[in-house]
Amino acid sequence: MNTTKRAGAALLSLALAGALAACGSGGASQDEASGGNVEIDYWLWDDNQQASYQACADAFHAANPAITVKITQTAWAQYWQNLTTQLAAGQAPDVWTDHGSYYPQFVASGQILDIQPYVTRDKVDLAQYQEGLADLWVKDGKRYGLPKDWDTVALVYNSTMLKEQGVKPDEMADLTWNPTDGGTLQQVIAKLTVDENGHDGLDPDFDKNHVKVYGFLPEWADGSQGQNGWGDLAVANGWTYLDKNPWGTRYRYDDPKLAQTIDWYKQLIDKGYAPKFDKQSTLGRDAVLNAGKGAMTFAGSWTINTYLGPDAEQKFALAPMPVGPAGVRKTAINGLSDAIFAGTPHKEEAWKWVKFLGSADCQDIVAGNAVVFPAIRTASEKAAAAHEAKGRDVHVYVDATKTPDGTFLLPITDHGNEVSQIVQDAIQSVVLGQIGAAEGLKKANDQVNALFT
Amino acid sequence: MRTMRAEGRSQVAEQVAEPSDAGASRRRRARPRDDRRAAWLFLIPVLAGFAIFYGYPAVRGFWYSLTDYNLLSPPAYVGADNYAKLAQDPQFWHALLVTVYYVVINIVSQMLFALLLAALMHRLTRSVALRAMLLLPWLVPNVTVALLWIWLLDADLGFVNHLLKALDLGTVGFFASPDWAMPTIGMVNTWAYTGYTALLLYAGMLQIPPHLYESAAIDGAGEVRMFRSITLPMLRPVLALVLVVSLIGSFQIFDTVAVAAAGRGAGSAIRVIYYFIYQQAFQYFHMGYASAAALVLALVLGVLTVVQMLLLRASRSDLA
């Protein structure tokens, strides 16, 4: 899932940062005495998914009465701090939900169990998962998790505004984009931008200083990956993040193809089609879209319920990513996994649970709740069907995974958090006009690559 | 953060309440020794708590500051490397600078408003209800205060910007713009703490003998003149104390920044020193490096405390 989005959900408890270690012992299972029963501690951060996994845990317990799974949910903002301090205190959970940008440091310090021997022994079918997801969790021939779900990115737009401005939904399915003139995507963005006098962005009388509805809302707090926009477009423009993925050591933020993409974003702001960075709402794009002050943005599949759920205050619809200069649509695909604590006294039981989480039995249950797309392809289809049954048209997210070369994996490297901060800061200063795109990104790239020396 | 600030301030409250004790204890100095023994007995629980919850962690923190430690692997001794790195880390110095900027904005505005409020309370009304109301913002948890203002001051959806727009003044990205973010955070905390500071100053004003005002009134002095010539000079020791303690509390700004930065705030323009330490320790898991930064900060605060002590001693003769 996307890190920055999660962080927003958990603002409240940040202030507790200092006091985290002492409280709450998520404790390793200490219950061998109770008649051979084993309790497996399982951690996750997404409260939207807790019910699904509780259902999995119940099904698992029914099939294995000697093993009970205890689920603990902690908000994203505290999740990794708690996990790390618990690991340091020798009180780690037996199994936890793992994320690509955090797991390298756990691997480096030997905290995650290599499950390759179990996978080989039990002949787990790795081909059942969405392409590429299983390989994310392999380093030097060792495997540190089984894929549990995935997410991709698409365009979300306000369908009422689209209609008012006379843009047909069919046009949205065939948008093109290039960094020079923005292709038909920019045309639509301009049309959807409306000033206080009702002139749209293509009208010569358009007043860019009094914009009522912005045609496009960029996401600037998007770390080093730009999963919610600039990353996807830059890759469509032919850019690659780094020398190899996963486990590359040379980033390429100094590539002109990325700078061109950022410059394209900047001209949207200059023309008044997107809000200025320093006058942009800090409440998140969903709040601005829901308030009817923005018409379109890029949104990951984890936000389906935000825009198509019952709480949305506007009518939204989805469109695929625009076709890039190379003639292909590109979206980031990212997935989570489940990791087993290397020090757990119940390795065999923990593996059984992880295997179950990675099986169609559990992922079908998750699919039925229509929250995320499970990693197993057949289960993804079921999740899409469950969404359709609720009247939500989400096929663009699934289509992306079926397009050859339509998806790319987000970088997995050491120092993920530091890279994130450096690149985000650099991009923000570029957008603010404090430094040119090429120069700012070159500087950031030097800083980033210095981390790996 | 909050507790430390509150503690610092309760010391102030004691000082303000009983400034005349200073002279008394000096007279008692020549007592027999058994009293001291009893005193130590009474101090044991506090000392034990201090040793366990402050002393021991501080010593460990010092040890960690000499190591490369990521919480997961055992710490490896690296000598003064962390300190050397710190001295050359532009982010660290930037964070210190940003903090000083915040402290200046926060303390100056807070002291001015608090002084004005205290004077009004002292000379105009002594309504208990009014005094209680002044404390209200201070009673709201800091995170709530930050969230409240983030919504009110939002660049696009906030109420304040709606007003500005209605008056055709143009909108301001209070938390979003790097130029505005720090002043905004400073003023938000001023809003939250002015009432409390005002109350401390007010308590200090109550110590000023009323006859001074009466004679001044007879001599025909106006309120402004009385404030300048009686209130301010007589209040000086209390003012100095409140100032320095608020300063140290202000240096430890964290929660508002953490909340504002967790939203898509103004990036490095508001990354204060506590936030820097927090990120190093709990986001990047550079425990050793973070400990070194924390110790340097402790040193800075220590210097400020020495200044505080000097000011206190200087002020003692003032009130006697």
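About the criteria used
- Residues numbered from 1 in each chain as written.
- Chains lettered and ligands numbered in written order.
- Predicted model: local features only at pLDDT ≥ 70, side-chain atom pairs only at ≥ 80, totals over all residues.
- Heavy atoms only, no water.
- UniProt positions renumbered as here; feature names shortened; annotations may be inferred.
- Helix = DSSP H or I, 4+ residues; strand = E, 2+ residues; numbered from the N terminus.
- Buried < 20%, exposed > 50% of the residue type's maximum accessible area, 1.4 Å probe, protein only.
- Contact = heavy atoms within 4.5 Å.
- Areas by Shrake-Rupley, 256 points an atom, 1.4 Å probe, with all protein chains shown as cover.
- Disulfide = S-S within 2.5 Å.
- Pairing = 2+ DSSP bridges.
- Core = buried A, V, L, I, M, F, W, Y, C linked by side-chain atoms within 4.5 Å.
- Domains from an automatic or database assignment.
- Phe/Tyr/Trp six-rings, centres within 6.5 Å; stacked < 30°, edge-to-face > 60°.
- Axes fitted to C-alpha atoms, helices over the stretch in contact; angles between N-to-C directions.
- Expected span 1.5 Å × (residues − 1).
- Left-handed = near helix turned anticlockwise from the far one by under 90°.
- Nonpolar A, V, L, I, M, F, W, Y, C, P; charged D, E, K, R; others polar.
- Buried area = accessible area lost by both parts, 1.4 Å probe.
- Salt bridge = Lys/Arg side-chain N within 4 Å of Asp/Glu carboxyl O.
- Polar contact = N/O pair within 3.5 Å; in protein donor to acceptor, adjacent residues only side chain to side chain.

As annotated in an unreviewed UniProt entry, chain A carries the name Extracellular solute-binding protein and is attributed to Nonomuraea phyllanthi. For the record of chain A, the UniProt heading Subcellular location (unreviewed entry) holds the text "Cell envelope".

Asker: Which parts of the structure should I look at to understand the overall build of chain B?
Answerer: Per the secondary structure count, chain B includes 14 helices and two strands. Counting over 320 residues, chain B shows a buried share of 46%. Excluding contacts between residues fewer than 6 apart, the proportion of contacts in chain B whose partners are at least 24 apart in sequence is 70%.

Asker: Mind showing me how you'd approach the overall build of chain A here?
Answerer: Broken down by element type, chain A carries 18 helices and 14 strands. The buried share of chain A, taken over its 453 residues, is 60%. For chain A, the accessible area works out to roughly 16,900 Å², and carbon and sulfur atoms hold 50% of it.

Asker: In this structure, what is going on with the state of the cysteines? I would like to understand it.
Answerer: Working definition of a disulfide: a covalent bond connecting the sulfur atoms of two cysteines. Residues and elements named next belong to chain A. This model, assessed by the stated rule, comprises one disulfide over all chains. Between the sulfur atoms of Cys56 and its disulfide partner Cys362 the distance amounts to 2.2 Å. Around the S-S axis, the bridge from Cys56 to Cys362 shows a dihedral of about 95° and counts as right-handed. Of this pair, Cys56 sits in helix α2 (residues 50-63) while Cys362 sits in helix α14 (residues 360-368), and the two are 306 residues apart along the sequence. Residue classification places Cys56 among the buried positions, given a relative accessible area of 0%.

Asker: Just checking my understanding: could you explain the pairing of strand β6 (residues 146-151) of chain A for this structure?
Answerer: If a strand is regular, its side chains alternate between the two faces of the sheet. Residue and element names in this part refer to chain A. With six of six residues buried, β6 is to be regarded as a mostly interior element. When β6 meets strand β12 (residues 331-340), the two strands line up antiparallel, connected through five bridges. Looking at β12, one finds that Asp151 is bridged to Asn334.

Asker: Just checking my understanding: could you explain the nonpolar core for this structure?
Answerer: One broad trend across soluble globular proteins is that nonpolar side chains are buried collectively. Within the largest apolar cluster, 220 residues are counted, with the highest numbers of intra-cluster contacts made by A:Trp96, A:Trp230 and A:Trp353. Counting residues per element, this core draws most heavily on helix α5 (residues 90-123) of chain B, which supplies 13 residues. There are two domains that each give this core at least three residues, and those are domain 1 (13-151 + 335-402) and domain 2 (153-332 + 412-450) of chain A. The next biggest cluster of nonpolar side chains, apart from the first, holds five residues, and it includes B:Ile208, B:Tyr213, B:Ala216 and B:Met226.

Asker: Which parts of the structure should I look at to understand the packing of aromatic side chains?
Answerer: Aromatic rings in a pair are described by how distant their centres are and how their planes are angled relative to each other. Residues and elements named next belong to chain A. Counted by the stated rule, this structure contains 45 aromatic pairs over all chains. An angle of 75° between the planes, with centres 5.5 Å apart, marks the rings of Phe216 and Phe298 as edge-to-face. On the criterion of sequence distance, the pair formed by Phe216 in the loop between β9 (211-213) and α9 (230-236) and Phe298 in strand β10 (residues 296-300) is long-range, its members being 82 residues apart. Given the relative accessible area of 0%, Phe298 is considered buried.

Asker: Before we go on, may I ask you to explain the sheet that holds β10(A) in this structure?
Answerer: Note on sheets: strands pair through backbone hydrogen bonds, and any given pair is parallel or antiparallel. All names here are of chain A. Read from one edge to the other, the open sheet built from three strands follows the order β10-β7-β11, with strand pairing classed as antiparallel. Where the open sheet ends on each side, the last strands, each with one partner, are β10 and β11 (316-319). For this sheet the average axis-to-axis angle between neighbouring strands, irrespective of direction, equals 40°. As paired elements, strand β7 (residues 153-158) and β11 share four bridges and run antiparallel to each other. Each residue of the ladder has a partner; that of Tyr157, found in β11, is Ala317.

Asker: What is the right way to look at the environment of A:Ser429 in this model?
Answerer: Along the chain, A:Ser429 falls in helix α17 (residues 416-431). Judged by its relative accessible area of 17%, A:Ser429 falls in the buried class.

Asker: For this particular structure, what's the right way to read helix α3 (residues 76-88) of chain A?
Answerer: The periodicity of an α-helix, 3.6 residues per turn, causes residues three or four positions apart to be oriented the same way. All names here are of chain A. Here α3 spans 19 Å end to end across 13 residues, near enough to the 18 Å set by a 1.5 Å rise per residue. Across the 13 residues of α3, twelve count as buried, placing the element largely inside the fold. Turning to α3, its buried residues number three or more, namely Trp76, Ala77, Gln78, Tyr79, Trp80, Gln81, Asn82, Leu83, Thr84, Thr85, Gln86 and Leu87. Trailing α3 by a residue or two, Gly90 shows a phi angle of about 70°, which is positive.

Asker: How do you make sense of unusual backbone geometry when you look at a structure like this?
Answerer: In terms of backbone geometry, most residues other than glycine have negative phi values and most peptide bonds are trans. Cis peptide bonds are those with omega within 30 degrees of zero, and the linkage from A:Asn245 to A:Pro246 qualifies with -5°. Note that A:Pro246 resides in the loop between α9 and α10 (256-270). Notably, A:Asp405 is not glycine yet its phi reads approximately 65°, a positive angle. When you line up the elements, A:Asp405 lands in the loop between α16 (395-402) and β14 (407-409). We classify A:Asp405 as exposed; its relative accessible area is 60%. Although it is not a glycine, B:Phe285 sits at a positive phi angle of roughly 55°. Looking at the element boundaries, B:Phe285 is found in the loop between α13 (273-283) and α14 (287-319). Assessed through its relative accessible area of 3%, B:Phe285 is described here as buried.

Asker: So what exactly am I meant to see when it comes to the packing of α2(A) against α14(A) here?
Answerer: Describing two packed helices takes the angle between their axes plus the distance from one axis to the other. Residue and element names in this part refer to chain A. Contact geometry for α2 and α14: axes closest at 9 Å, N-to-C directions at 145°. Considering the relative orientation of α2 and α14, their crossing is right-handed. On α14, the residues that touch Ser52, Tyr53, Ala55, Cys56 and Ala59 of α2 are Cys362, Ile365 and Val366. In terms of residue class, the contact of α2 with α14 is built from seven nonpolar, one polar and no charged.

Asker: Explanation requested: the interface of chain B and chain A in the structure shown.
Answerer: Interfaces are often sized by the accessible area lost when the parts come together. Each partner contributes residues to the interface: chain B has 39 residues there, and chain A has 41 residues. When chain B packs against chain A, the two sides together hide about 3,500 Å² of surface, and 62% of this comes from carbon and sulfur. On inspection of chain B and its partner chain A, the count reaches two salt bridges. Salt-bridge contacts for B:Asp156 lead to A:Lys293; the nearest nitrogen and oxygen are separated by 3.4 Å. Those elements giving two or more residues to the side of chain B that touches chain A turn out to be α7 (142-152), α8 (159-166), α12 (255-262) and α13 of chain B. Class assignment of the residues belonging to the side of chain B that touches chain A gives a composition of 19 nonpolar, 13 polar and seven charged.

Asker: Teacher, can you tell me more about the pattern of salt bridges here?
Answerer: Two side chains with opposite charge may pair up if their charged atoms get near one another. Following the criterion strictly, the structure yields twelve salt bridges over all chains and no others. Residues A:Asp425 and B:Arg271 are paired through a salt bridge, measuring 2.8 Å at the closest nitrogen-oxygen approach. Here A:Asp425, found in helix α17, pairs with B:Arg271, found in the loop between α12 and α13, and the two come from separate chains. Overlapping salt bridges bring together A:Arg121, A:Asp122, A:Glu348 and A:Lys355 as one network.

Asker: What exactly am I supposed to notice about α5(B) here?
Answerer: The terminal C-alpha atoms of α5(B), which comprises 34 residues, lie 49 Å apart, in line with the 50 Å expected from a rise of 1.5 Å per residue. With a side-chain oxygen lying 2.9 Å from the backbone nitrogen of B:Gln91, the N-terminal cap of α5(B) falls on B:Asp89.

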